[in-house]
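Here's the letter readout for the chains.
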Amino acid sequence: MNNNDGDGGAGDSGWVADGYNAGYAEGLYERSLRDRGLIPPPLAGWGPAAAPALEVPPKILPPPAPPPTPAVAEVVATEDLRLAAIAGALVEAYRAYGHLGATIDPLGSTPPRHPLLEPEYHGIRREELARVPASAVWLKHLGDNAAEVLDRLEEIYCGPIGYELDQMENPTQRDWLVDYIESHRHRLLMSRARARGCLEWLTRVQGLERFLHRTYLGKKRFSVEGLDMIVPMLRGIVGSAGRRGARQVFVGMAHRGRLNVLAHVMGLSYESIVAEFEEQAARGIMTALPEHGSGDVKYHVGGRSQVAEDEVSLDVRLAPNPSHLEHVNPVVLGMARAARFTGESCDASAILPILIHGDASFAGQGVVAETLNLCRLSAYETGGTIHIITNNQLGFTTLPGDSRSTRYASDLSLGFRLPVVHVNADDPEACMAAVRLAVDYRFEFGEDLVIDLVGYRRYGHNEGDEPSYTQPMMYERVAAHPRVREQFARVVVGRGLLTQAESDAMVKQVDAELEEARGAIAAHKEADPGTGAPLDRRLLTDPAEEARSTGIAEPRLRELNDAIHRWPADFTPFHKLRRQLERRRAALDEAIDWGHAEALALAGLLTEGVPVRLTGEDTERGTFSHRHLVLHDAEDGRRHTPIAHIEAGQAPLKIANSPLSEIATLGFEYGFSTIAADALVLWEAQFGDFANVGQAIIDQFVVSGRSKWGLESRLVLLLPHGYEGQGPEHSSARFERFLQLAAEGNIRVVNCTTPAQYFHALRWQALRATRRPLIVMTPKSLLRHPRARSSLADLTSDMFRAVLGDQGVTVEPHRVDRVLICSGKVYFDLLAETPAERDIPILRVEQPYPFPAQELEAALAPYPDTAEICWVQEEPENMGAWTFMRPYLRQLIGREPVYIGRPERASPAEGYFGKHARRQQRLLRAALRLS
């Protein structure tokens, strides 16, 4: 193998490989290709595959003759190749392990390094490396010989930035990063203008923190000090992304540093921040809350503004976040995806999500892994997210060795093959270089990248905490450590980019602005607004809107019915499914089932201009094989979604199976629904109780987001619920929890018993002006129950009914002495046990919240005031709707209602079908007074 092309060939220094050395050289070349991802490694391990076992002992052969003694020239060539191979191994070692030698800790801990970075480990001396031309390791631009190349790689990979790239499997992306890093084009010394700008932002960051610290001593603010560079970095990302075509940026972060980001990225005035500390809400951060809104602490709220950086202006949104830290991650990604939901053709590069993580929470909270798993899924990808870990090197009081089993806080991302850049937070130029690399990589490949911004925390977890109780040595070093603003000021003054007087003037200017803001707030103390008027316990909406018909005219329903059961002529559905769909199409005039009604509701909305997004675990088909909106060709596996092809110009539709996740996917859909405000966004749990895992999203976002932050949402949760003897975890959607969380008209909770009711509930949710989440207890056995059917007329001219009366009682109303009130599937169980001569009416509460007082009162009106009013449920007494309904019923009827159901239980349901059936029968007979 001769190489005479002028780049490491024989003409350079006699580096020749042929004859005896050819196999060795070819092996080196193949290994380099394999290391670059161009040749896969052997499947059986790093070495050659093991020889197969032999049934017969192999014949013993004489040993081969020794090879002839090589000529002197060949020995020399072999030694040259050995040196070149070692030099190449050292180059790859820097690329793989250089980050272990990087000086990324501002507090000065010694990098661990790695033995493979040391020439001595490879049995080579520097003077020997100097004999190897740089062309032999393909890095002539870094020096004349391998020794000079390695010196340069030491600077590149073991400076204030460390790079982890070996986990990347895509050779194109890895090679691009290697070339980018080793060309050093992101490591630029700052110009005077950029140095001044960076110093000014650091001055403002430090100035705000120090002002709040001395003025409001001990008040929580979750200072960013020790990671001050996050503000210039965010502004740098905004400017760089804008130049690459981004127009919207969505940011998610926890509480640390949020006030500084609000002020110096989002443009919130100092007066607004001071007003928060002075508890002047009307002049503070949250001025757009609904009436009776609770608001939130100042370091949880979000904002939106036009941010100008480097002559580019972008729409930037900072999502509000509760104390659940990383749970905002999927919410922000959902927001970003929604921003381009008007059509999948929208350029993903126009939308940039940025997630700012904590080091302890990134490693410790499972929602991070769930969110990272979304990055390449077609229904969830956002065109690449930039992740920044604000690394304090400390949790609340917990050191890394006690909070994670990995070296770096970022190691979770390695499993998703994301590049990681570790950077010293006390080196502003290195931090901005990391930003340039991250933005360029994201816009080049549309992939996520992680920046591990390694700093420290100057004070305790909050400003009232004493960190030296548990980390005395660390905080002794922190106390003596100069702030990054002071360090950088010395650098820029030393380079002659600014004078000391100019640097000092910046500090005075910021201090003056903050004192002026404080004076302005102090001069306008606001009066206590009082508690306000009492809140109506019903949903606060226009009565005319509540009465709106949601039916679809019969001719249009027939057109939709034909369209959603139509597929291309060359498409072959699975033969069993084809028969089901053909029967469903014909059932429009006979009996419409649950999945049929849902498809008609969604089809109508799409053709009326309402975008629809439906996701969840196995949602395309439906967990209970009832939906089948996405078809698969039986011969070639092609997919076809008839409802997406009803007519030209219909609204966008996305139906997708989600990963097996509740927290991340539910958070994603919630975030999506807050941006796509007029779309119908539905998330379906495989079983209703699976929503338990997403409870943090439900508690902290879905039910309280409007009250805390003014976020409105039409999100629909579809939660299968009903007792069919399938065990504790496949029975209850925890009906009681949603009713317990219901207040101030924050959500609607429905438990429909007919397909028509579900049809109208979905349409009402999409078309009504008021935006509130809708919680639906969806059925399981009722999906195919012969009595749970609706007629065509039920869908054409009706509307959702909060209460359904009983028209089947065979005695006159005044002779009734017992009335049963229930919700959901238990109605059909009661109906099945009711004798032909019925004297006990069964009323169905289809919408427990907002409590339908007027509707229920009207349904009870025909019966005597002395009639016994019973609440019947299949859930245990401490679960289901009973504890919620009881006080409302008591107030409505003027006496205590009677409870009929299972006794209090720790577990929702029985584990054996026989036991379930006996207990179910017992409560049904008690309700109907059967012996």
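Here the structure is a predicted model, which means the values were calculated and not measured.

1. Structural notes on the overall build of the protein
When its secondary structure is counted, the protein shows 32 helices and 21 strands. Within the span of the protein, comprising 931 residues, buried residues form 56% of the whole. Expressed as a percentage of contacts within the protein between residues at least 6 apart in sequence, the contacts between residues at least 24 apart total 79%. Surface summary for the protein: the accessible area is close to 39,100 Å², and the carbon and sulfur share equals 52%.

2. Notes on the environment of Val238
Mapping Val238 onto the fold places it in helix α8 (residues 230–243). Between the alpha carbons of Val238 and Val307 there is a distance of 7.8 Å; along the sequence they are 69 residues apart. Apart from the residues lying within four places of it in its own chain, the contact partners of Val238 are Val307, Glu309, Leu314 and Val316.

3. So, the sheet that holds strand β21 (residues 898–902)
A sheet is described by the order of its strands in space; here 5 strands give the open sequence β17-β19-β18-β20-β21, paired in mixed fashion. Taken across any chain shown, the strands that pair with only one partner, and hence form the sheet edges, are β17 (803–804) and β21. As defined by bridge partners, strand β18 (residues 818–822) adjoins strand β20 (residues 868–876) across 4 bridges and the pair is classed as parallel. Bridge pairing in β20 links Val819 to Ile869. Taken strand by strand, helix α30 (residues 853–860) contacts β17, β18, β19 (842–845) and β20, and its axis lies near 170 degrees from that of β19.

4. Looking at the pairing of β18
Across the 5 residues of β18, 5 count as buried, placing the element largely inside the fold. The alternating pattern of β18 places Arg818, Leu820 and Cys822 and Val819 and Ile821 on opposite faces, both of which are buried. For β18 and β19, the ladder comprises 3 bridges, and the chain directions are parallel. By the bridge assignment, Leu820 is partnered in β19 with Ile842. Viewed along the sheet, the connection from β18 through helix α29 (residues 826–833) into β19 turns out right-handed.

5. Structural notes on unusual backbone geometry
In terms of backbone geometry, most residues other than glycine have negative phi values and most peptide bonds are trans. For the bond running from Tyr849 to Pro850, omega is -5 degrees, close enough to zero to count as cis. Counting through the fold element by element, Pro850 comes out in the loop between β19 and α30. One non-glycine residue, His184, lies in positive phi territory at about 65 degrees. Tracing the backbone shows His184 in the loop between α6 (171–183) and α7 (192–215). Look at Arg417: it is not a glycine, yet its phi comes out positive at around 60 degrees. Structurally, the position occupied by Arg417 is in the loop between α14 (400–403) and β7 (420–424). Arg417 sits in the partly exposed class, given a relative accessible area of 32%.

6. Some words on the nonpolar core
Counting residues in each nonpolar core, the largest one holds 237 residues, and the members touching the most others are Leu153, Ile643 and Leu719. For this core, the element with the highest residue contribution is helix α15 (residues 428–445), accounting for 11 residues. Those residues within four positions of Leu719 in sequence are excluded, and the remaining contacts are Trp683, Ala685, Gly688, Ala691, Ala733, Phe738, Ile775, Val776, Met777 and Thr778. Leu830, Ile842, Leu923 and Leu924 belong to the second largest nonpolar core, which has 18 residues in total.

7. Comments concerning the pattern of salt bridges
Taken as a whole, this structure holds 58 salt bridges when the rule is applied. We note a salt bridge from Glu669 to Arg613, for which the minimum N-O separation is 2.7 Å. Taken together, the residues span a long stretch of sequence, with Glu669 in helix α23 (residues 663–675) and Arg613 in strand β9 (residues 612–616) at a distance of 56 residues. Accessibility assignment for this pair places Glu669 and Arg613 in one class, buried. Across the salt bridge formed by Asp806 and Arg838, the nearest N and O atoms sit 2.2 Å from each other. Separated by 32 residues along the polypeptide, Asp806 in the loop between β17 and β18 and Arg838 in the loop between α29 and β19 bring together distant segments of the chain.

8. Let's talk about the sheet that holds strand β16 (residues 774–778)
Spatial strand order, β12-β9-β13-β14-β16-β15: 6 strands in an open sheet with parallel pairing. Across the chains shown, the open sheet's two edge strands, defined by having one partner strand only, are β12 (653–657) and β15 (748–750). In this sheet, neighbouring strand axes are inclined to one another by 15 degrees on average, regardless of whether the strands run parallel or antiparallel. Bridge count between β9 and β12: 5 bridges; the pairing is parallel. Within the sheet, the bridge partner assigned to Val612 lies in β12 and is Leu653. Along the sheet, helix α27 (residues 755–767) makes contact with β13 (680–684), β14 (716–720), β15 and β16, crossing β13 at roughly 130 degrees.

9. Some words on α27
Counted at 1.5 Å a residue, the expected span for α27 with its 13 residues is 18 Å, and the 18 Å between its end C-alpha atoms agrees. Burial within α27 is extensive, with 12 of its 13 residues counted as buried.

10. Concerning a positive patch on the surface
A contiguous patch of positive charge on the surface is contributed by Arg905, Lys915, Arg918 and Arg922. Checked against the element boundaries, Arg905 lands in the loop between β21 and α32 (913–928). Residue Arg905 is classed as partly exposed on the basis of its relative accessible area, which comes to 34%.

11. Here's the deal with the packing of α7 against α8
Taken N-terminus to C-terminus, the directions of α7 and α8 make an angle of 130 degrees; their axes are 8 Å apart at the nearest point. Overall, the two elements α7 and α8 adopt an arrangement that is oblique. Two packed elements cross with a definite hand, and for α7 against α8 that hand is right-handed. Each of Cys198, Trp201, Leu202 and Val205 in α7 lies in contact with α8, whose residues at this interface are Val231, Pro232 and Arg235. Classifying every residue of the contact of α7 with α8 gives 6 nonpolar, no polar and 1 charged.

12. What about the packing of aromatic side chains?
In total, this model carries 19 aromatic pairs according to the counting rule given. By way of ring pairs, the aromatic residues Trp176, Tyr180, Tyr441 and Phe445 are connected into one cluster. Taking the ring centre of Phe277 as reference, the NZ or CZ of Lys298 above it sits at 4.5 Å. The ring of Tyr380 has Arg613 lying over it, and the distance from NZ or CZ to the ring centre is 5.4 Å.

13. Some remarks on the side chain of Ser707
Here Ser707 shows up in helix α25 (residues 705–709). Look past the residues within four positions of Ser707 in its chain and what remains in contact with it is Leu289, His292, Gly293, Ser294, Gly295 and Glu744.

14. Things to note about the confidence of the model for the protein
Chain-level statistics for the protein give a pLDDT mean of 89 and a share of 89% at 70 or above. Every residue in residues 1–26 scores below 50 in pLDDT, and together they form 42 contacts with partners more than four places removed in sequence or on other chains. Predicted confidence is poor over residues 36–60, with pLDDT under 50, and the contacts of this stretch with residues over four places away or in other chains come to 14 contacts.

15. Brief notes about the environment of Leu188
For Leu188, the position within the fold is in the loop between α6 and α7. Apart from the residues lying within four places of it in its own chain, the contact partners of Leu188 are Glu429 and Arg436.

16. Focus: the environment of Ala433
On the secondary structure map, Ala433 appears in helix α15. For Ala433, a relative accessible area of 0% corresponds to the buried category. For the pair Ala433 and Gly236, spaced 197 residues apart in sequence, the C-alpha separation works out to 9.8 Å. Setting aside residues no more than four positions away along its own chain, Ala433 makes contact with Ile161, His186 and Arg187.

17. Section: the packing of helix α5 (residues 146–157) against α6
Packing of α5 against α6 leaves a shortest axis separation of 10 Å and a crossing angle of 100 degrees. As judged from the angle between their axes, α5 and α6 are roughly perpendicular. Of α6, the residues touching α5 (which contributes Leu153, Ile156 and Tyr157) are Val178, Ile181 and Glu182. When grouped by side-chain class, the residues that make up the contact of α5 with α6 number 5 nonpolar, no polar and 1 charged.

18. A short note on the pairing of strand β2 (residues 248–253)
Within β2, 6 of the 6 residues are buried, which leaves the element mostly enclosed by the surrounding structure. Along β2, one buried face is formed by Gln248, Phe250 and Gly252 and the opposite face, lined by Val249, Val251 and Met253, is buried too. Relative to strand β4 (residues 312–318), β2 is paired through 4 bridges, and the arrangement is parallel. Its bridge partner being in β4, Phe250 is matched across the sheet by Arg317.

Reading the values: rules and limits
Residues numbered from 1 in each chain as written. Predicted model: local features only at pLDDT ≥ 70, side-chain atom pairs only at ≥ 80, totals over all residues. Heavy atoms only, no water. Helix = DSSP H or I, 4+ residues; strand = E, 2+ residues; numbered from the N terminus. Buried < 20%, exposed > 50% of the residue type's maximum accessible area, 1.4 Å probe, protein only. Contact = heavy atoms within 4.5 Å. Areas by Shrake-Rupley, 256 points an atom, 1.4 Å probe, with all protein chains shown as cover. Pairing = 2+ DSSP bridges. Axes fitted to C-alpha atoms, helices over the stretch in contact; angles between N-to-C directions. Right-handed = clockwise from strand over helix to strand, strands pointing away. Core = buried A, V, L, I, M, F, W, Y, C linked by side-chain atoms within 4.5 Å. Salt bridge = Lys/Arg side-chain N within 4 Å of Asp/Glu carboxyl O. Expected span 1.5 Å × (residues − 1). Patch = residues over 30% accessible without salt bridge, like charges linked within 9 Å, V, L, I, M, F, W, Y side chains within 5 Å. Lys, Arg positive; Asp, Glu negative; His and termini not counted. Charge placed at Lys NZ, Arg CZ, Asp CG, Glu CD. Parallel < 35°, antiparallel > 145°, perpendicular 65-115°, else oblique. Left-handed = near helix turned anticlockwise from the far one by under 90°. Nonpolar A, V, L, I, M, F, W, Y, C, P; charged D, E, K, R; others polar. Phe/Tyr/Trp six-rings, centres within 6.5 Å; stacked < 30°, edge-to-face > 60°. Lys NZ or Arg CZ within 6 Å of the ring centre and 35° of its normal. pLDDT = per-residue confidence, 0-100.

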